[in-house]
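# Residue-level structure breakdown
Residue-level listing of the chains:
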Amino acid sequence: QLVNMTIGVNQGYWLEQYFNVNHAGLMAASVCIGIGEIIAELCCFYCIRKIGGYRLSLYCTLLQAVGCILLPLIGGLNIVAAFVMLIVMFGVTEIVTVSAQASACELSSNCPVRTGLLESGCFSASNVGRVVGSLLAPVLWDHGRLLTIGIVGVAITVLTAVVMVWCEKKIAQRTAVETAPLLPTPEP
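Everything in this summary refers to the structure shown in the same document. (Residues numbered from 1 in each chain as written. Predicted model: local features only at pLDDT ≥ 70, side-chain atom pairs only at ≥ 80, totals over all residues. Heavy atoms only, no water.)

### Re a nonpolar patch on the surface
Taken together, the side chains of Leu63, Val66, Ile69, Leu70 and Leu73 define a hydrophobic patch exposed on the protein surface, amounting to about 430 Å² of accessible area. One can find Leu70 in helix α3 (residues 53-74). By relative accessible area, which is 31% here, Leu70 ends up partly exposed. (Patch = residues over 30% accessible without salt bridge, like charges linked within 9 Å, V, L, I, M, F, W, Y side chains within 5 Å. Areas by Shrake-Rupley, 256 points an atom, 1.4 Å probe, with all protein chains shown as cover. Salt bridge = Lys/Arg side-chain N within 4 Å of Asp/Glu carboxyl O. Helix = DSSP H or I, 4+ residues; strand = E, 2+ residues; numbered from the N terminus. Buried < 20%, exposed > 50% of the residue type's maximum accessible area, 1.4 Å probe, protein only.)

Pasting the structure below:
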């Protein structure tokens, strides 16, 4: 959510300064982004069923890192490229957010207390990311515009992917220990 907010807070400045988009154009961009987010969330259900929440969340986090690299390269080319980048970036963020909830359930399926803990952690991290992203957005824009936002976005999304993999491994290890039989089963 942090990357999403740094882009979202600055999208008006970006589209206005780079492409002279007026207020009506910014509203149209917001509507298109919103529709893209809804479509992405609906696609989540199918994708989670096919590949699982954890893998979908991880793949989309890495896709978001690629988007952060492409943002400064493609985002300044023309208005169509800018709109497509915005729709894709916001859509991918929605997929990560929704699939993270499914991932929390998958990773802790044998322990309801842990499921609640992981889900609340996902919500908390998402909200903290929004707040921090909103606070960082003007600073990043003033210190390099799209390039700075892209560089910080790549760093954050790669760090997020590393943390996701580490957490998944730790949870898998703990689950294996917790579900292992305490005493050997006697042979008949």
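Now that the structure has been shown, we can carry on.
### Description of unusual backbone geometry
Here the phi dihedral of Asn20 falls at roughly 55°; this positive angle occurs in a residue that is not glycine. If you trace the backbone, Asn20 turns up in the loop between α1 (2-19) and α2 (23-51). A positive phi angle, near 55°, is found at Arg145, a position not held by glycine. With respect to the secondary-structure elements, Arg145 resides in helix α6 (residues 145-179). Here Arg145 falls in the partly exposed class, since its relative accessible area comes to 30%.

### Comments concerning the side chain of Glu94
As for its position among the elements, Glu94 is in helix α4 (residues 79-107). Look at Glu94: it is buried, it has no salt bridge, and the nearest opposite charge is Arg130 at 4.9 Å. Sequence-distant contacts of Glu94, defined by excluding residues within four places in its chain, comprise Glu37 and Glu41. (Lys, Arg positive; Asp, Glu negative; His and termini not counted. Contact = heavy atoms within 4.5 Å.)

### Overview of the packing of α1 against α2
Interaxial distance between α1 and α2 falls to 11 Å at its minimum, and their mutual angle equals 130°. Here α1 lies oblique to α2, going by the angle between them. Like other packed secondary-structure pairs, α1 and α2 cross with a definite hand, here right-handed. Here α1 contributes Gln11, Gly12 and Leu15 to the contact with α2, which in turn contributes Leu26, Ala29, Ser30 and Ile33. (Axes fitted to C-alpha atoms, helices over the stretch in contact; angles between N-to-C directions. Parallel < 35°, antiparallel > 145°, perpendicular 65-115°, else oblique. Left-handed = near helix turned anticlockwise from the far one by under 90°.)

### Details of the packing of aromatic side chains
All chains considered together, the criterion is met by two aromatic pairs. When the centroid spacing of 6.5 Å and the interplanar angle of 50° are considered together, the rings of Tyr18 and Trp141 count as tilted. Placement of Tyr18 in helix α1 and of Trp141 in helix α5 (residues 112-142) is noted, with a sequence separation of 123 residues between them. For Tyr18, a relative accessible area of 37% puts it in the partly exposed group. Here the aromatic residues Tyr18, Phe19 and Trp141 are joined through ring pairs into a cluster of three or more. (Phe/Tyr/Trp six-rings, centres within 6.5 Å; stacked < 30°, edge-to-face > 60°.)

### Some remarks on the packing of α2 against α3
Across the interface, α2 lies against α3 with an axial gap of 7 Å and an inter-helix angle of 115°. Together, Cys44, Cys47, Ile48 and Ile51 of α2 and Gly53, Arg55, Leu56 and Tyr59 of α3 make up the contact between the two elements.

### What about the environment of Leu118?
Along the chain, Leu118 turns up in helix α5. Taking relative accessible area as the criterion, Leu118 reaches 24% and is therefore assigned partly exposed. For the pair Leu118 and Gln101, spaced 17 residues apart in sequence, the C-alpha separation works out to 8.2 Å.

### Quick word on the nonpolar core
It is characteristic of soluble globular proteins that their nonpolar side chains tend to be buried jointly. Among the nonpolar cores identified, the biggest contains 19 residues, and Ile7, Trp14, Leu15, Leu71, Leu86, Met89 and Ile149 are the most heavily contacted of them. Looking at this core, the elements that each hand over two or more residues are α1, α2, α3, α4, α5 and α6. Counting residues per element, this core draws most heavily on α4, which supplies five residues. Those residues in contact with Leu86, other than ones at most four positions away along the chain, are Ile7, Gln11, Trp14, Leu15 and Ile33. Judged by nonpolar contacts, the second largest core, of nine residues, contains Cys44, Ile48, Ile95 and Ala102. (Core = buried A, V, L, I, M, F, W, Y, C linked by side-chain atoms within 4.5 Å.)

Nothing here speaks to function; it is geometry throughout.
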